[in-house]
Amino acid sequence: MTRTLTLLGIESSCDDTAAAVVRHRPGHLAEVLASDIVGQTSLHAAFGGVVPEIAARAHVERLDGCIERALAEAGISFADLDAIAVTAGPGLIGGVLSGAMMAKGLAAGLGLPLVAVNHLAGHALTPRLTDGIAFPYLMLLVSGGHCQYLRVDGPDEFHRLGGTIDDAPGEAFDKIAKLLALPQPGGPSVEAEAALGDARRFDFPRPLLDRPGCDLSFSGLKTAVLRTRDALIASKGGITAQDRRDLCAGFQAAVADVLAEKTRRALAMTALDGSPLAVLAVAGGVAANKAIRARLETVCSANGVSFLAPPLRLCTDNAAMIAWAGIERFRLGMVDDATFTARPRWPLDARAPGMIGSGKKGAKA
Ligand code: KG4
Ligand code: ZN
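The model shown is predicted, which means the values in this text are computed figures rather than measured ones.

Caption draft 1: Region of the structure containing the coordination of the zinc ion (ligand 2). The protein atoms donating to the zinc ion (ligand 2) are His 119 (NE2), His 123 (NE2), His 146 (NE2) and Asp 317 (OD), with metal-donor distances spanning 2.1 to 2.4 Å. Coordination at the zinc ion (ligand 2) comes from 4 donor atoms whose angles at the metal span 89 to 161 degrees, giving a geometry best classed as irregular. The sequence pattern describing where the donors of the zinc ion (ligand 2) fall on their chain is H-x3-H-x22-H-x170-D. Taken together, the positions of His 119 in helix 4 (residues 119-131) and His 146 in the loop between strand 6 (137-142) and strand 7 (147-154) put the pair 27 residues apart, joining distant regions of the chain. His 119 sits in the buried class, given a relative accessible area of 1%. On the accessibility criterion, His 146 (10% relative accessible area) is buried.

Okay, here's the thing in C-alpha cells:
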C-alpha cells in the first residue's frame, strides 16, 4: 500500500492517557501532527505506585478529551482518518480495556479499520518514526515498566535477547528514591543526588554479570542499597545529605555498569558475519539518565555502532508510537476486527522464555 496514511493512535496501558495523529507519505519521514498526553502522577502519588482501578477510571474519563484535542491540534476531523490504532496490551488490563473499547466504538461508528498494537512494539518501532532507520537494529527498552533487549527485524518480527528477571530499572530508581525520601518519579531525583556523590564509597553488586547472556536483575541491588542505608541509620541514628548522595551515586553507577556490559553483549549476540547491527536505539524514561546514556554511547562507539535516542516525549509512553506502529502494520495489511482481546501480558517474541515478575506498573511481558 503506497498511499499517504493518517492514523489516530490511542494509548492507555499504564498511567498516561494519550491520543495522537500521525501522517505518513511513503518515502518520507512520518509527521506527528498531534500528540496529546495526560499523566496521572498526582492521582497515584499518595499510594506509592500506580493503582490499577484509579488508572482505568481516569483513562475512561479522559480519553475522549485527549482524542478531541489531538484531532483539533492536527487540524483534521474523523473523516480524514484511514484507520485507528490502539494499544491492546501488555499493561494494566483495566487501562488497556478502556482504550480498546474506545477504539472499537469509534471504528464501528466511523466505519474505519482497527489496528491492535502491542505497546512494546510501539516503543520498539519509534526509531523508524523519528529517524526512518532501516531494519534490522538493536533496541534497548529501559523504563519504569520495561527492560529488554530486542533485535527488531520487521514491524512484526522481534527477537528478545534478554531482559529483566525482576524489577525494571526505572522501577528500581523509583524505589531507591522512596527509601531515601526523595521525590517521585525517582529517576531524575536520584540522578541529581548522584551527581554530587561519590560512586566508589559503597561497593554495590553488579547483578547477573557473572552469568552469560543479557538478562538483567535489579532487585538485589535495591536490597543492597536498603541494607546499607539501614546500617548507616543503625550506626549513626540517621543518614546525612552526603550519605544520601553517595548511596545514589553508588546505585546509579551499578545500574550504568550493568547496562553497559549487557549492551556490549547484546551487540555481540546480534553481530552478523562478525559485524554488529548498525544502530542501537533506546526508549524509555531511564534513557534520559545522562550517566547511563554516556556509558551506552561509549559502548556503541567502541563497537562502531550508531547510538539513537529519540526525543524523550516520543521515547516515554505516548500515542504517536502507537499510531506509527499501526501505520507499519496497516501497510502490511494487518488489520483487526472488533473481536480482538485486550491482553495484560503479550510478549513481543513468543519464542523467548517467559519473564518472571510483574512490577508496580503492571506486567512487563
Ligand atoms: O518510559 P517512562 O516514562 O514510563 C514507563 O515506565 O513506561 O519511564 C518512567 C521511568 C520512571 O521509573 C522514572 O523514574 C525513570 O523512567 N526515569 C529515570 C530518569 N528519568 C525518568 N531514571 C533514571 N534517570 C533519569 N533521569
Ligand atoms: Zn511504555
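Picking up where we left off.
Caption draft 2: Representation of the site of ligand 1. Ligand 1 sits among 20 residues. The nearest are Gly 144, Asp 174, Gly 187, Glu 191 and Gly 285. In the environment of ligand 1, a nitrogen atom lies 2.8 Å from a nitrogen or oxygen atom belonging to the side chain of Glu 191. Separating a nitrogen atom of ligand 1 from a side-chain N or O atom of Asn 289 is a distance of 3.0 Å. In isolation ligand 1 exposes 550 Å². Once the protein is present, 89% of that is buried. Only helix 5 (169-179) and helix 6 (186-194) provide two or more residues apiece to the shell around ligand 1. Counted by class, the shell around ligand 1 contains 5 nonpolar, 10 polar and 5 charged residues.

Caption draft 3: A look at the side chain of His 119. Within polar-contact distance, the side chain of His 119 engages the side chain of His 123 at 3.1 Å. A polar contact is formed between the side chain of His 119 and the side chain of Asp 317, at a distance of 3.1 Å. Not counting residues up to four positions away in its chain, the partners in contact with His 119 are Glu 11, Ser 13, Thr 87, Gly 89, Pro 90, His 146, Asp 317, Met 321 and Ile 322.

Caption draft 4: Here's a closer look at the packing of aromatic side chains. A complete count under the given rule lists 3 aromatic pairs for this structure. Over the face of the ring belonging to Phe 340 we find Lys 104, whose NZ or CZ atom lies 4.4 Å from the ring centre.

Caption draft 5: Focus on the pattern of salt bridges. Under the criterion given, the structure shown has 19 salt bridges. Glu 171 serves as the salt-bridge partner of Lys 175, at 3.8 Å between the closest nitrogen and oxygen. On the criterion of helical spacing, the pair formed by Lys 175 and Glu 171 is a turn pair, its members being 4 residues apart in helix 5. Relative accessible area serves as the criterion here: at 26%, Lys 175 is assigned to the partly exposed category. Assessed through its relative accessible area of 2%, Glu 171 is described here as buried. Arg 201 is the partner of Asp 243 in a salt bridge, and the nearest nitrogen-oxygen pair spans 2.8 Å.

Caption draft 6: Representation of helix 4. Taking 1.5 Å as the rise per residue, helix 4 with 13 residues should run 18 Å; its terminal C-alpha atoms sit 19 Å apart, in good agreement. The axis of helix 4 is deflected most strongly, by about 40 degrees, at Leu 125, and proline Pro 127 appears within four residues downstream. Burial runs high along helix 4: 12 of the 13 residues are buried. For helix 4, the set of buried residues is His 119, Leu 120, Ala 121, Gly 122, His 123, Ala 124, Leu 125, Thr 126, Pro 127, Arg 128, Leu 129 and Thr 130. Its side-chain oxygen placed 2.7 Å from the backbone nitrogen of Leu 120, Asn 118 serves as the N-cap of helix 4. The positive-phi residue at the C-terminal boundary of helix 4 is Gly 132, with phi of around 60 degrees.

Caption draft 7: Spotlight on helix 5. Burial within helix 5 is extensive, with 9 of its 11 residues counted as buried. Backbone geometry just downstream of helix 5 places Ala 181 in the positive-phi region, at approximately 55 degrees.

Caption draft 8: Inspection of the sheet that holds strand 2 (residues 16-24) at higher detail. Strands sit in the order 3-2-1-4-5 across an open sheet of 5 strands; the sheet is mixed. Among the strands making up the open sheet, the edge pair consists of strand 3 (31-39) and strand 5 (114-118). Each neighbouring strand pair of the sheet contributes to a mean axis angle of 20 degrees, computed without reference to strand direction. Across 7 bridges, strand 1 (residues 5-11) lies against strand 2 in antiparallel orientation. Of the residues in strand 2, the one forming a bridge with Thr 6 is Arg 23. Set on the sheet, helix 4 makes contact with strand 1, strand 2, strand 3, strand 4 (83-89) and strand 5; between it and strand 5 the angle comes to about 95 degrees. Taken strand by strand, helix 11 (residues 320-331) contacts strand 1, strand 2, strand 3, strand 4 and strand 5, and its axis lies near 130 degrees from that of strand 1.

Calculation notes
Residues numbered from 1 in each chain as written. Chains lettered and ligands numbered in written order. Predicted model: local features only at pLDDT ≥ 70, side-chain atom pairs only at ≥ 80, totals over all residues. Heavy atoms only, no water. Donors = N, O, S within 2.8 Å, 3.2 Å for Na, K, Ca; no water. Tetrahedral: all angles 85-135°; square planar, octahedral: opposite > 155°, others 65-115°. Helix = DSSP H or I, 4+ residues; strand = E, 2+ residues; numbered from the N terminus. Buried < 20%, exposed > 50% of the residue type's maximum accessible area, 1.4 Å probe, protein only. Near = heavy atom within 4 Å. Polar contact = N/O pair within 3.5 Å; in protein donor to acceptor, adjacent residues only side chain to side chain. Areas by Shrake-Rupley, 256 points an atom, 1.4 Å probe, with all protein chains shown as cover. Nonpolar A, V, L, I, M, F, W, Y, C, P; charged D, E, K, R; others polar. Contact = heavy atoms within 4.5 Å. Phe/Tyr/Trp six-rings, centres within 6.5 Å; stacked < 30°, edge-to-face > 60°. Lys NZ or Arg CZ within 6 Å of the ring centre and 35° of its normal. Salt bridge = Lys/Arg side-chain N within 4 Å of Asp/Glu carboxyl O. Expected span 1.5 Å × (residues − 1). Bend = angle between axes of the 7 residues up to and from the residue. Pairing = 2+ DSSP bridges. Axes fitted to C-alpha atoms, helices over the stretch in contact; angles between N-to-C directions.

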